[in-house]
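# Residue-level structural notes
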Amino acid sequence: MKVRVSELTQYLVCPRLVYFGTQGRGYESYAHTHAHTMREKGMIEGFILKEFAFNLHKITDCEDIAAITAIIGDIVESVPRIYREELEGLELDLMEAVKRDFIQGMNDEWLKKLRTENELTELERVHGYERERMMYSEKLNLSGSVDKLIIADEEVIPCMIKTGKSPGYGVWRSDRVQLAAYAMLIEDEFGSTVKRGFVQYIREAEFRMTQIRRSDRAEALRILKHVRRIKQGAFPDKGRNAPCENCAYSKYCDTRKTLLSKLLGK
Ligand code: SF4
């Protein structure tokens, strides 16, 4: 049973998302009015932010305001082409509105913070990075593509781009687990030990380094086992902080609850 790193992340949000999202099970994520439009808006904005992270070097290397503005325009305009598959069927008006709002909402402070030198931008400047490299471990039967892979001489460093909020300090637990999973993929492919990784919380221009701890590796392996069981058919409990309100599978979750209630005579 093949597992993707993204399914480990899904599990951490809510284990049932893995169950409903497993291909061939017939649960279609469904659209519903306001929540759906909000999700689409968030998705487009997330893609724009991600492209900012991939093109940071262009912005940091440039001193001319007019040129920076042109680069930002190019980044925003490139999104529909790069994410064509994901954005298929989306209303053009919505796309244009999000792009416009994004550019209007950008502030100098954020741009200034983005352009500030830090360890990660320095590493990228010297060594470059490989974008979304797909990796597969036969031993773990696990695959995934990390956003940026930096090969700095003997050291191979994974870097993830996140479009949500950053924690007050360090990186979120789910991000540490995801990085540990990438670390294990890198180790199987490159034969070297991954000691650290980066998370770019691009929305807040916060770039954080974290050590790959033993406990994160153990947690990633534990979740991998659970995900495998779910993909084989086990129906899991809800996640503790499951975001049911905006979930595209809530209809099915309710149905299953009703069936279970009936079986239990409640
Ligand atoms: S509705 Fe809630 S419990 Fe069900 S899959 Fe969605 S987030 Fe998980």
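Because the structure is predicted, anything quoted here is derived from the model rather than measured.

### A look at the overall build of the chain
- Summing up its helical and strand segments, the chain has twelve helices and six strands in all.
- For the chain, the C-alpha radius of gyration of 20 Å lies close to 18 Å, the compact-globule estimate for 266 residues.
- The dimensions of the chain, computed from C-alpha atoms along their principal axes, are 70 × 50 × 30 Å.
- Relative to its full complement of 266 residues, the chain shows a buried share of 45%.
- Nonlocal contacts in the chain, meaning residues at least 24 apart in sequence, comprise 73% of its contacts between residues at least 6 apart.
- Here the chain has roughly 15,200 Å² of accessible surface; of this, 50% comes from carbon and sulfur atoms.
- Taken together, the 43 basic and 41 acidic charged side chains of the chain have centroids lying 10 Å from each other.

### What to know about the site of the ligand
- Close to the ligand lie Cys14, Arg16, Leu17, Phe20, Lys238, Ala242, Pro243, Cys244, Cys247, Ser250 and Cys253.
- At the level of elements, helix H2 (15-21) and helix H12 (250-264) are the ones that each hand at least two residues to the shell around the ligand.
- For the shell around the ligand, the residue count by class is eight nonpolar, one polar and two charged.

### Topic: the domain arrangement of the chain
- Domain annotation for the chain reports domain 1 (31-114) and domain 2 (119-226).
- One C-alpha centre belongs to domain 1, the other to domain 2; they are set 24 Å apart.
- Listed per partner, the contact involves 15 residues of domain 1 and 15 residues of domain 2.
- Here domain 1 and domain 2 share an interface that buries about 1,400 Å² over both sides, 57% of which is from carbon and sulfur atoms.
- Across the contact surface, domain 1 and domain 2 share four salt bridges.
- The shortest N-O distance in the salt bridge between glutamate 206 and lysine 113 comes to 2.8 Å.
- Those elements that place two or more of their residues in the side of domain 1 that touches domain 2 are helix H3 (33-54) and helix H8 (108-114).
- Counting residues per element, the side of domain 1 that touches domain 2 draws most heavily on H3, which supplies eight residues.
- Of the residues assigned to the side of domain 1 that touches domain 2, the class counts are nine nonpolar, one polar and five charged.

### As for the packing of helix H1 (residues 5-13) against helix H11 (residues 214-231)
- For the pair H1 and H11, the least separation of the axes is 10 Å and the interaxial angle reads 90°. Of the possible angle classes, the one that applies to H1 and H11 is roughly perpendicular. Touching Glu7, Leu8, Tyr11 and Leu12 of H1 are Ala220, Ile223, Leu224, His226, Val227, Ile230 and Lys231, all from H11.

### Considerations on the environment of glycine 168
- Position of glycine 168 relative to the elements: it lies in the loop between strand S4 (155-162) and helix H10 (173-190).
- When the C-alpha atoms of glycine 168 and valine 98 are compared, they prove to be 28 Å apart, with 70 residues separating the residues in sequence.

Conventions we followed
- Residues numbered from 1 in each chain as written.
- Predicted model: local features only at pLDDT ≥ 70, side-chain atom pairs only at ≥ 80, totals over all residues.
- Heavy atoms only, no water.
- Helix = DSSP H or I, 4+ residues; strand = E, 2+ residues; numbered from the N terminus.
- Rg over C-alpha atoms; globule rule 2.2 N^0.38 Å.
- Buried < 20%, exposed > 50% of the residue type's maximum accessible area, 1.4 Å probe, protein only.
- Contact = heavy atoms within 4.5 Å.
- Areas by Shrake-Rupley, 256 points an atom, 1.4 Å probe, with all protein chains shown as cover.
- Lys, Arg positive; Asp, Glu negative; His and termini not counted.
- Charge placed at Lys NZ, Arg CZ, Asp CG, Glu CD.
- Near = heavy atom within 4 Å.
- Nonpolar A, V, L, I, M, F, W, Y, C, P; charged D, E, K, R; others polar.
- Domains from an automatic or database assignment.
- Buried area = accessible area lost by both parts, 1.4 Å probe.
- Salt bridge = Lys/Arg side-chain N within 4 Å of Asp/Glu carboxyl O.
- Axes fitted to C-alpha atoms, helices over the stretch in contact; angles between N-to-C directions.
- Parallel < 35°, antiparallel > 145°, perpendicular 65-115°, else oblique.

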